[in-house]
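As a plain string of letters, each chain reads:
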Amino acid sequence: MDTEIKLKGDKVIEQIPSIKDKALRINLNENIYGTFAEIGAGQETVRHFFRAGGSSGTIAKATSAYDKDFSDSIYGIEEDGRYVTESRLRKMLAHEEGLIEKRLSRQKHPNKIFFTYANTVATIDFAKQFKGHGWVGIRYQIEPDEDYNEIILHIRFKETDVRLQQETLGILGVNLIYGAYYKYNDPKRFLRYLYDHLDKDQLEIDTINFAGPRFADMDNRLMSLQLVKNGMTDAVIFDPEGKNILPAAILYKKNILALRGSFRPVTKVNMDMYEESLKMFLEEHKVDANNTLVIFEITLSNLRSDGEIDERDFMDRAELLCSLGQTVMISNFQEYYKVVEYFSKYTKARMGLAMGVNNLVDIFDEKYYRHLSGGILEAFGKLFYRDMKVYLYPMIDENGEIMNSENLKVHPRMKELYKFFKFNGKVVDIKNYNPENLEVFSREVLKMISSNKPGWESMLPIGVSEIIKEHYLFGYNPNKVLEKSN
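1. Brief notes about the confidence of the model for the chain
With 97% of its residues at a pLDDT of at least 70, the chain reaches an overall mean of 90. Segment residues 481–486: pLDDT under 50, and four contacts once partners within four positions in sequence are set aside and those in other chains are kept.

2. Considering the packing of aromatic side chains
If you walk through the whole model with that rule in mind, you get 25 aromatic pairs. On the basis of an interplanar angle of 50 degrees and a centroid distance of 5.2 Å, the ring pair of Phe36 and Phe49 is categorised as tilted. Note that Phe36 is positioned in strand β1 (residues 32–39) and Phe49 in helix α2 (residues 44–52), a separation of 13 residues in sequence. A residue is classified by how much of its surface remains accessible, and Phe36, at 0% relative accessible area, is buried. Taking 6.1 Å as the distance between ring centres and 65 degrees as the angle between the ring planes, the aromatic pair formed by Trp456 and Tyr476 counts as edge-to-face. With Trp456 in the loop between α15 (442–450) and α16 (464–471) and Tyr476 in the loop between α16 and α17 (478–485), the pair connects residues that are 20 residues apart, well separated along the chain. Given the relative accessible area of 3%, Trp456 is considered buried. Aromatic ring contacts, followed pair by pair, group Tyr337, Phe364, Tyr368, Tyr369, Phe380, Phe384, Tyr418, Phe420 and Phe421 into a single cluster. Stacked on the ring of Tyr182, the Lys or Arg Arg25 has its end atom at 3.7 Å from the ring centre. When the ring centre of Tyr336 is taken as origin, the NZ or CZ atom of Arg260, which lies over that ring, is 4.6 Å away.

3. Focus: the sheet that holds strand β4 (residues 133–140)
A sheet is described by the order of its strands in space; here six strands give the open sequence β2-β1-β3-β4-β5-β6, paired in mixed fashion. Two strands bound the open sheet, and with one partner strand each, they are β2 (59–63) and β6 (203–211). Taken over all neighbouring pairs, the strand axes of this sheet differ in orientation by 10 degrees on average, direction set aside. Where β1 and β2 come together, four bridges link them in parallel fashion. Across the sheet, residue Thr35 finds its bridge partner in β2, namely Lys61.

4. Side note on the pattern of salt bridges
Where charged atoms from two side chains of opposite charge approach closely, those side chains can pair. For the coordinates displayed, the defined rule picks out 32 salt bridges. Of the charged contacts in the structure, one is a salt bridge between Arg139 and Glu97, with a shortest N-O distance of 3.4 Å. Placement of Arg139 in strand β4 and of Glu97 in helix α4 (residues 86–103) is noted, with a sequence separation of 42 residues between them. In this pair, the class of Arg139 matches that of Glu97, namely buried. For Arg413, the salt bridge is made with Glu366, and the minimal N-O distance between the two is 2.6 Å. In this pair, Arg413 sits in the loop between β17 (402–403) and α14 (415–423) while Glu366 sits in the loop between α12 (357–363) and α13 (375–384), placing the two residues 47 residues apart along the sequence. Look at Glu366 and you get partly exposed, because its relative accessible area is 29%.

Criteria and cut-off values
- Residues numbered from 1 in each chain as written.
- Predicted model: local features only at pLDDT ≥ 70, side-chain atom pairs only at ≥ 80, totals over all residues.
- Heavy atoms only, no water.
- pLDDT = per-residue confidence, 0-100.
- Contact = heavy atoms within 4.5 Å.
- Phe/Tyr/Trp six-rings, centres within 6.5 Å; stacked < 30°, edge-to-face > 60°.
- Helix = DSSP H or I, 4+ residues; strand = E, 2+ residues; numbered from the N terminus.
- Buried < 20%, exposed > 50% of the residue type's maximum accessible area, 1.4 Å probe, protein only.
- Lys NZ or Arg CZ within 6 Å of the ring centre and 35° of its normal.
- Pairing = 2+ DSSP bridges.
- Axes fitted to C-alpha atoms, helices over the stretch in contact; angles between N-to-C directions.
- Salt bridge = Lys/Arg side-chain N within 4 Å of Asp/Glu carboxyl O.

Now the structure itself:
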């Protein structure tokens, strides 16, 4: 009888099943049964299940409608004429789910738990300028009489060879199906398992949404945060309803005004900066209000507390920004030029950054650019090379003086560089601000809320204080308020 030898100093290593073992476990489960519909990169996922053995117990059908007319006749015509879209994927999932329910009798198969897996992708083009992307999803049951769960994600390929991309897609597909059945109870870990036998240099996951009875209590915004936290993508965007949005879809060819902040909590200063900078931005040449997007951006460094990301704190901020009808971006970009670079991947239209004087002074600090071979000049080339402006909100210094673009203090070595951008109209002052707001600071408001000191409500936008009190956000505790009043 073999016994495993353990040595002193051994560390516990989590055993990751091979792709073949994952496919085989699914195949050997007599109840899991479903269809595979794959368009754009070959039948790369179902191939693993065929090769693992025992696939007749899992695969009801495998299809790949490559011809556009065939695809349209099966799944319908897309209004925009595109095939690699979330809409296309959802039509594929809905159609195939309907077929399996129609063709397989529940009376004959009372214990079967059905699934439909689908993907629609575009691999790297012949010129190798566009690396490719795709939508991947699964609808599946955990119990025969239970409604379907759904996991849908968007991927971007990073490899520059079509065969490698096909193989990567196949592995991801197996990981998704396996995780959907055996890791659904821990969505955070489920996300990490999607990269089993894959590297982040091969694949980026920039959007994911969960739905269904097994994910009823889960907030997709929190899953967005995990994508950035785990290094699966650099930035995620979600709408006021809390749905994760594909960045490319919402940013494409848009004029973009971005506001970066901690928003802990969002104050009248933030909203005054937003409203006044937007007015100025819309007055710019070629900026159409109907094609303009405002992004409230929170960097990951702003979410950290004692070195770790405070997820409760994140959800507090997200809830407030969403209540104000804002689109929120969570990013890994510590430097502003990286934000502009990111937006530039999707649009060549005008951009604006709204910020306070202290943020602009930080931008002109050389220490942030020592890792760049071109130093601060390289960073500024990326920040200002396009038609981009900074809308500057004033601040009060320690002497009570109002600081703006005319009298802010940058390092003497940076003075002439700053004057260059100021002279060329890249930095403009927000002049129609409310002077009363200059006395409002998020950190002071936060202290007042957590210590139940009165008066903080008037420093926040209308309705925000009510949300904080209703949901006990940012350390608000009504019991302490009652204790003090008694």
